[in-house]
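# Observations on chain architecture
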Amino acid sequence: MAKTQTLPLQQETDIVLIRQQVRKAAESIRLGIISQTKIVTAASEIARNALIYGGGGECVLEETQRNGKPAVRLLIKDNGPGIADIERAMVDGYTSGNGLGLGLSGSRRLVDEFSIDSAAGRGTAIELWKWR
Amino acid sequence: MADKIPILKMGRFLLLSIQVDMHDQLALDLQEDLTHQIVRHKAKGVLIDISALEIVDSFIGRMLSHIANVSRILDAKVIVVGMQPAVAITLVELGLSLEGIATALNTEKGMRRLESMVAEDESVGELESGENADTSASAGD
Amino acid sequence: MSSTAIAELLRNHEATLLDVWVAAQRNAGMRLDLMNESTIVTNSAELLRKLTTAAAQGMDDLDAAHWQPVKTLLEQFSFNQSRAGVSPSETATFVFSLKEPLFKLIQEHSAEPLVDIWATTQLLDKLGLYSIECFMSGRESVIREQQESMLELSTPVVELWDGILAIPLIGALDSNRTQIVMEALLEKIVETESDIAIIDITGVPTVDTMVAQHLIKTVTAAKLMGAQCIISGIRPQIAATIVHLGVELGDVITKASLADAFRVALKQQGTRFIAATSR
């Protein structure tokens, strides 16, 4: 029942494609409209971060189960400089670029589970879960 | 995918309806195009219909704030109409509240609101010259 | 070896076995008012047939693909039982009552009765447990559905006036319920094109941080959509709690009573009442 696909994340238009695929996956596991919107928005935020700060990478999208509930799992990886201080990066308003600094902390509030694996010089991998 | 979002002129107002899933460059182009159109048509108001948008992320949110700020400097009012409930809930959760942007439920209400906002702006002069002492107390509103 | 032998037995004595088994089910107290005779016979015959086919291909591993038809049948059966309000033990009896007639058959015909009976009892125990598991998950889904419809029932959004909605909240608010209520409110705002919504919490005994947070988020979301919310009926204790918790109410309009809120709403709309009789 698990369905996995890997999507490229090299240019801006890839973000649109990722949004569309995440929406499809969320629809097919019959997430409610608000949950759908939340996971798609989170995917958009994280993918843009990976593209702008991480120089691009890829996005693994999976339709699966979590504790017996249908779930969508997203893994967005980049090969960029990584995040040296994750705790600081997770604070509302913190930004290393010119954004509003809501990308990471805001996205965490939109999903059911959020984990981040990164260190300076090692790239960043962010995992997002949303279940029914 | 459309490569340009059409901006319609209607009297003193500009109307635009975002119907496509915008990629970032498209949003930036729209921002720039709109600024030029406001100046060219001496527009007094801009109505942005986002009822077809399925998500508003921080990038689009920033674009809307930017448009509102630039328009304010160019003396045009901006109103955003038709945001879907799911989109609104998600934006709030994300931490964006689009401070300072006027909103309305749909295009009709938005148009009416825009007209009254512009009328209010223009009526100030008449009030001061036409009315006498008893209205001046509330003029500091 | 024993599995093929048992499959053989099942095949050769299918008709008699079915009769004895159905009789055994009736004796075990299957309630005929909840399930009619013919359904029992059809179900039993079908299970027996599928059991025979599956047993012929090995009885050790129920996860193997050839057991799937048997499991699917049990799933459907147990699910229907739980919907019909049958007890779990009655559901399990369906499988367990096959033991007696089958053991008798084995005793009469098998070369190694003890080995075969052991293998069969293990198999039927597993199938019995499986049907109870299915029964429970059927029950859980019923409970979940009821909970959801309860939530919908307990949260009516009413139209007070053209363009003015009210949602009278009654009873304890938890974070989950608040969220569902608030979503319903926002949907209704769009549907009725209402500019003003009054959230009345007169009937709410307490408010915790999460609930207060949800209320404020709703007000903010409504504002983004172009509608205004007024919160009315805040009890003194709740007001104190909100201040104590340090929840920022921002520019949310609050009114003492639903009537006050309604008056504000009408005023904002520009609606005025004129007395029918002139002075």
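For the structure, check the block above.
Conventions we followed
Residues numbered from 1 in each chain as written. Chains lettered and ligands numbered in written order. Predicted model: local features only at pLDDT ≥ 70, side-chain atom pairs only at ≥ 80, totals over all residues. Heavy atoms only, no water. Helix = DSSP H or I, 4+ residues; strand = E, 2+ residues; numbered from the N terminus. Buried < 20%, exposed > 50% of the residue type's maximum accessible area, 1.4 Å probe, protein only. Contact = heavy atoms within 4.5 Å. Areas by Shrake-Rupley, 256 points an atom, 1.4 Å probe, with all protein chains shown as cover. Rg over C-alpha atoms; globule rule 2.2 N^0.38 Å. Lys, Arg positive; Asp, Glu negative; His and termini not counted. Charge placed at Lys NZ, Arg CZ, Asp CG, Glu CD. Buried area = accessible area lost by both parts, 1.4 Å probe. Salt bridge = Lys/Arg side-chain N within 4 Å of Asp/Glu carboxyl O. Polar contact = N/O pair within 3.5 Å; in protein donor to acceptor, adjacent residues only side chain to side chain. Phe/Tyr/Trp six-rings, centres within 6.5 Å; stacked < 30°, edge-to-face > 60°. Lys NZ or Arg CZ within 6 Å of the ring centre and 35° of its normal. Patch = residues over 30% accessible without salt bridge, like charges linked within 9 Å, V, L, I, M, F, W, Y side chains within 5 Å. Axes fitted to C-alpha atoms, helices over the stretch in contact; angles between N-to-C directions. Parallel < 35°, antiparallel > 145°, perpendicular 65-115°, else oblique. Left-handed = near helix turned anticlockwise from the far one by under 90°. Nonpolar A, V, L, I, M, F, W, Y, C, P; charged D, E, K, R; others polar.

## Some remarks on the overall build of chain B
Each helix and strand counted, chain B has five helices and five strands in total. Looking at chain B as a whole, 49% of its 141 residues qualify as buried. Residue pairs in contact within chain B that sit at least 24 positions apart in sequence constitute 72% of those at least 6 positions apart. Taken as a whole, chain B presents about 7100 Å² of accessible surface, with 51% of it coming from carbon and sulfur.

## Comments concerning the overall build of chain A
Helices and strands together make up the secondary structure of chain A, namely four helices and five strands. What you see in chain A, going N to C, is helices and strands ordered as β-α-α-β-β-α-α-β-β. Its C-alpha atoms give chain A a radius of gyration of 14 Å, near enough to 14 Å, the size a compact globule of 132 residues would have. Referenced to the eigenvectors of the C-alpha coordinate spread, the extents of chain A come out at roughly 35 × 25 × 20 Å. Considering only residue pairs separated by 6 or more positions, chain A has 62% of its internal contacts joining residues 24 or more positions apart. As displayed, chain A offers around 6000 Å² of accessible surface, 47% of which is attributable to carbon and sulfur atoms. Of the charged side chains in chain A, 17 are positive and 15 negative; the average position of the first set lies 6 Å away from that of the second.

## A look at the interface of chain B and chain C
In this complex, chain B contributes 17 residues to the contact, which on the side of chain C involves 16 residues. Buried area between chain B and chain C, summed over both chains or domains, comes out near 1400 Å², and the portion from carbon and sulfur atoms is 66%. When the area that chain B buries against chain C is broken down by residue, the three leading residues are Pro-85, Val-92 and Leu-105 of chain B, summing to 40%. Remark: the boundary between chain B and chain C carries two salt bridges.

## Concerning the interface of chain B and chain A
The partner chain A presents 23 residues to the 21 residues of chain B that form the contact. Contact between chain B and chain A buries roughly 2000 Å² in total, counting both sides, with carbon and sulfur atoms accounting for 60%. Interface area lost by chain B to chain A is led by Ile-55, Glu-93 and Leu-94 of chain B, which between them contribute 27%. The partner of Arg-23 of chain A in a salt bridge is Glu-54 of chain B, with the nearest N and O atoms 3.7 Å apart. Here chain B is connected to chain A by 10 residue pairs in polar contact (both at pLDDT 80 or more).

## Considerations on the packing of aromatic side chains
Remark: the centre distance and the inter-plane angle together describe each pair of aromatic rings, the angle taken between the planes. Evaluated as defined, the whole model comprises four aromatic pairs over all chains. By way of ring pairs, the aromatic residues Trp-21, Phe-77 and Phe-94 of chain C are connected into one cluster. Positioned above the aromatic ring of Trp-129 of chain A, the side-chain terminus of Arg-66 of chain A is 4.6 Å from the ring centre. Here the guanidinium or amino end of Lys-71 of chain C rests over the ring plane of Tyr-130 of chain C, the centre of that ring lying 5.5 Å away.

## Let's talk about a positive patch on the surface
A contiguous patch of positive charge on the surface is contributed by Arg-30, Lys-69 and Arg-132 of chain A together with Arg-144 of chain C. By the element assignment, Arg-30 of chain A lies in the loop between α1 (12-28) and α2 (33-52).

## Quick look at the pattern of salt bridges
If you walk through the whole model with that rule in mind, you get 25 salt bridges over all chains. Where Asp-112 of chain A meets Lys-130 of chain A, a salt bridge forms, and the shortest distance between an N and an O atom there is 3.9 Å. Placement of Asp-112 of chain A in the loop between α4 (103-110) and β4 (113-118) and of Lys-130 of chain A in strand β5 (residues 124-131) is noted, with a sequence separation of 18 residues between them. On the basis of relative accessible area, Asp-112 of chain A is assigned to the partly exposed category, the value being 35%. Here Lys-130 of chain A falls in the buried class, since its relative accessible area comes to 6%. Bridged by salt links that share partners, the residues Arg-19 and Arg-48 of chain A together with Asp-21, Asp-24 and Asp-57 of chain B form one connected network.

## So, the side chain of Gln-31 of chain B
Mapped onto the secondary structure, Gln-31 of chain B falls in helix α1 (residues 24-41). Setting aside anything within four residues of it in sequence, one finds Gln-31 of chain B in contact with Met-63, His-66 and Ile-67 of chain B.

## Side note on a nonpolar patch on the surface
Residue and element names in this part refer to chain C. Together, Val-158, Leu-160, Trp-161, Leu-258 and Phe-273 make up an exposed nonpolar region whose accessible area comes to about 420 Å². In terms of residue count, strand β1 (residues 158-161) provides more of the nonpolar patch than any other element does, three residues in total. By the element assignment, Phe-273 lies in the segment after α11 (258-269).

## Some details on the packing of helix α3 (residues 85-94) of chain B against helix α9 (residues 209-225) of chain C
The N-to-C vectors of α3 of chain B and α9 of chain C enclose an angle of 125°; their axes lie 8 Å apart at closest approach. Here α9 of chain C runs oblique to α3 of chain B, going by the angle between their axes. Every pair of crossing elements has a handedness; the one defined by α3 of chain B and α9 of chain C is right-handed. Facing Pro-85, Ala-88, Ile-89, Leu-91, Val-92 and Glu-93 of chain B of α3 of chain B, the residues of α9 of chain C in contact are Lys-217, Thr-220, Ala-221, Leu-224 and Met-225 of chain C. Among the residues forming the contact of α3 of chain B with α9 of chain C, the class breakdown is eight nonpolar, one polar and two charged.

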